[in-house]
Amino acid sequence: MARPGKRRRERRRRRRPDTTKSYADLLRDARAEIREVTPREADGLRANPATTLVDVREASEWEQGHIPGARHVAKSHLEQEIEAAVPDRSTPVVLYCTAGVRSLFAGQALRAMGYDDVTSMSGGFEQWKSLGLPWSRPTGLSEEQARRYSRHLLIPEVGVEGQVRLLASKALVVGAGGLGSPAALYLAAAGVGTLGIVDFDVVDLSNLQRQVLHTTARVGEKKVVSAAAAIQALNPEVTVIAHDTVLGPANVDELIAGYDVILDGTDTFETRYTLNDAAVAARIPVIHASVFRFEGQLATFVPFEGPCYRCLYPTPPPPELAPGCSVAGVLGVVPGIMGLLQASEALKVLLGIGDTLAGRLLLFDALDASFTELKLRRDPACPVCSDAAVQARAAGQPLELPGAREGGAGADAAAGPASGDAAPGATEALRFPFPAPSREVPA
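Let me begin by describing the structure that accompanies this report. Since the model is a prediction, treat every value here as computed from it, not as a measurement.

A grouping of Phe294, Leu331, Val333 and Leu367 is seen on the molecular surface, where their side chains present a nonpolar patch of about 360 Å² in accessible area. With respect to the helices, strands and loops of the structure, Leu331 is situated in the loop between helix H16 (325–328) and helix H17 (333–351). Relative accessible area serves as the criterion here: at 36%, Leu331 is assigned to the partly exposed category.

Right under this line is the structure:
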C-alpha cells in the first residue's frame, strides 16, 4: 500500500499541465514568432547596405558555397559571436540556413538577445541556388593553412575568405629597420602572400636594439637578405621579394607597381615625398609611421579618400629640426609599437574592414603611455592629390612640387617639421619633434 506522502506527490503530478513540446510544436512556435521572406525577397533586402545577411550553417557547409556578402555565424556559436558580427541590435538581419529551419530557431535566439528586426529566409540556401540566384564558393585552404591561420578563421571579419584574400595580397615594406622589422614579421605571420622589402643597407650591431628582423649572427649581411631569412623561418609560404636598392625618383614607379599596400618606414623626407607622390599617382594606400626618442606618429594615406603626406607636411623642416635616432636616440620598443600599428592598419586595408587612420594622425608618447588623435584635412591646393593636380597629370603637365631638401633624418627618423599655421584650436601640448602640422585639429 502506497504511503500518504507518495500518493500526494502522484496527485500533484497528475494535476500539473503537460508542458512538453514536440519538434513540430517548437517549429510552429518559431514560425509564429519570426517573420519569413522568400529567397527573392531576401535578395532584394540584401541590396540595402543597412541589412546584414547572416549564414547560420556550420563552417563545412559555408565552405561548400554561400550567398555573396553574407556573414558567417554558425548557429552552434550564435549567441557567442553574433554581437561581433552585428553589434547594433537595431540592424535588420536576414538569417538563412540550408532549408530554412535552423534559421527560424536562430531568429528566436536573436530576438531573445534584443535584436528587433530579424527575418528568416524560407527554403534556405538550397532554394536560393535552385532559383539561379548568385552564390559563391570560397577558395579553400589546405589542412596546414587551416591550422596555421585557425585563429583568423574564427573571426567573422576574416574567416576563410579573408584569409584567402590575405594570401593573395602583396605588401611593400620600405625600410627593413625599426619600423619595417615588426611590421614585416606580423604581416608574414598573418599570411600576407607576398612581401616586398626595400633596403640598401647592411645589418649593424647598433641596429639590434630595435630591428628585430635581424640577429647578431647576421651582422654585416644585407638587410634584405637578413629580412628574407627571418620571414621564411617564420612562414615559409610567404614569397619575399628583396629590393636591394635606394628608393628614388628614377625607380619608385617600378618598385611599387603591383603592390596592394605600402608601409613607409623610410628615414629621410626626400624619400617620403618621393614615395608619397608615386603612391598617390598609382592609387596605392601608404601606411606611414615615424619615431623620435619616446614618441611616434602614425597615419594612413588612402589616395583621394583623405589627405596625402604633402597635405600634412607641405615642405620638409631644416635638418637640424628633425634629427634621426643616430643623433637623438630612440627607445627601442617605440618603433616596435609603431611598426605593429602599421601592420594592423595594413591588414585592415587589405581585408577591407574597420576604420583606417585615413584623415587622422595618431601620436604616441611612451613616457606617459598616451595616444593623441588629430583630424587631418585634405589640402585643396595640394600639388599631388588635389583635383587640379590629378587633371594636370592626366594632361601630361604635372604641377610643380615644392623643393624637397633631403632631411638629416637617420634610421627610424621622426617626421615632425615645424609649422606656424596650425589650425585654430590645435593642441598646444605637441612640442618638438611633433609640432602641430597645418590643416589638423584635435579629434
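There is more to say after this.
Quick look at the sheet that holds strand S4 (residues 93–96) now. Here 5 strands make up an open sheet; going across it, the order is S1-S5-S4-S2-S3 and the pairing parallel. Since the sheet does not close on itself, it has two edges, and those belong to strand S1 (35–37) and strand S3 (71–72), each with one partner. Where strand S2 (residues 52–55) lies against S3, 2 bridges are found, and the strand directions are parallel. Bridge pairing links Val54 to Arg71 in S3.

By the definition in use, this model includes 7 aromatic pairs. Look at Phe364 and Phe371: their rings are 4.8 Å apart centre to centre, the planes differ by 35 degrees, and that puts the pair in the tilted class. An aromatic cluster is defined as three or more aromatic residues linked by ring pairs; in this entry it consists of Tyr273, Phe301, Tyr309 and Tyr313. A cation sits over an aromatic face here: Lys129 above Trp135, 5.0 Å from the ring centre. Sitting over the ring of Phe269, Arg272 keeps its end group 5.0 Å from the ring centre.

Thresholds applied
- Every chain begins its residue count from 1, and numbering advances along the sequence as written.
- Totals for whole chains, interfaces and linings use every residue, but because this is a predicted model, local features are given only for residues with pLDDT of at least 70 and side-chain atom pairs only at 80 or more, for both listing and counting.
- As a convention, hydrogens and water are excluded, and side-chain values are obtained from all of the structure's heavy atoms.
- For patches, a residue must show more than 30% relative accessible area and have no salt bridge; joins then use 9 Å for like charges and 5 Å for nonpolar side chains, namely Val, Leu, Ile, Met, Phe, Trp and Tyr.
- A 1.4 Å probe and the Shrake-Rupley method give the accessible areas. Residues count as covered only by the protein chains that appear here.
- Within this document, salt bridges are pairs made up of a side-chain nitrogen of Lys or Arg and a carboxyl oxygen of Asp or Glu, the two lying within 4 Å of each other.
- Each helix is a run of DSSP H or I of at least 4 residues and each strand a run of E of at least 2, with the numbering of both proceeding from the N terminus.
- Any residue under 20% of the maximum accessible area for its type is buried, any over 50% is exposed, and the rest in between are partly exposed; the area is computed with a 1.4 Å probe on protein chains only.
- One requirement defines pairing of two strands: DSSP has to find at least two bridges between them.
- Two rings from Phe, Tyr or Trp (for Trp, the six-membered ring) form a pair when their centres are within 6.5 Å of each other. A pair whose planes differ by under 30 degrees is stacked, one over 60 is edge-to-face, and the rest are tilted.
- In our convention, an over-ring charge means Lys NZ or Arg CZ found within 6 Å of a ring centre and within 35 degrees of that ring's normal.

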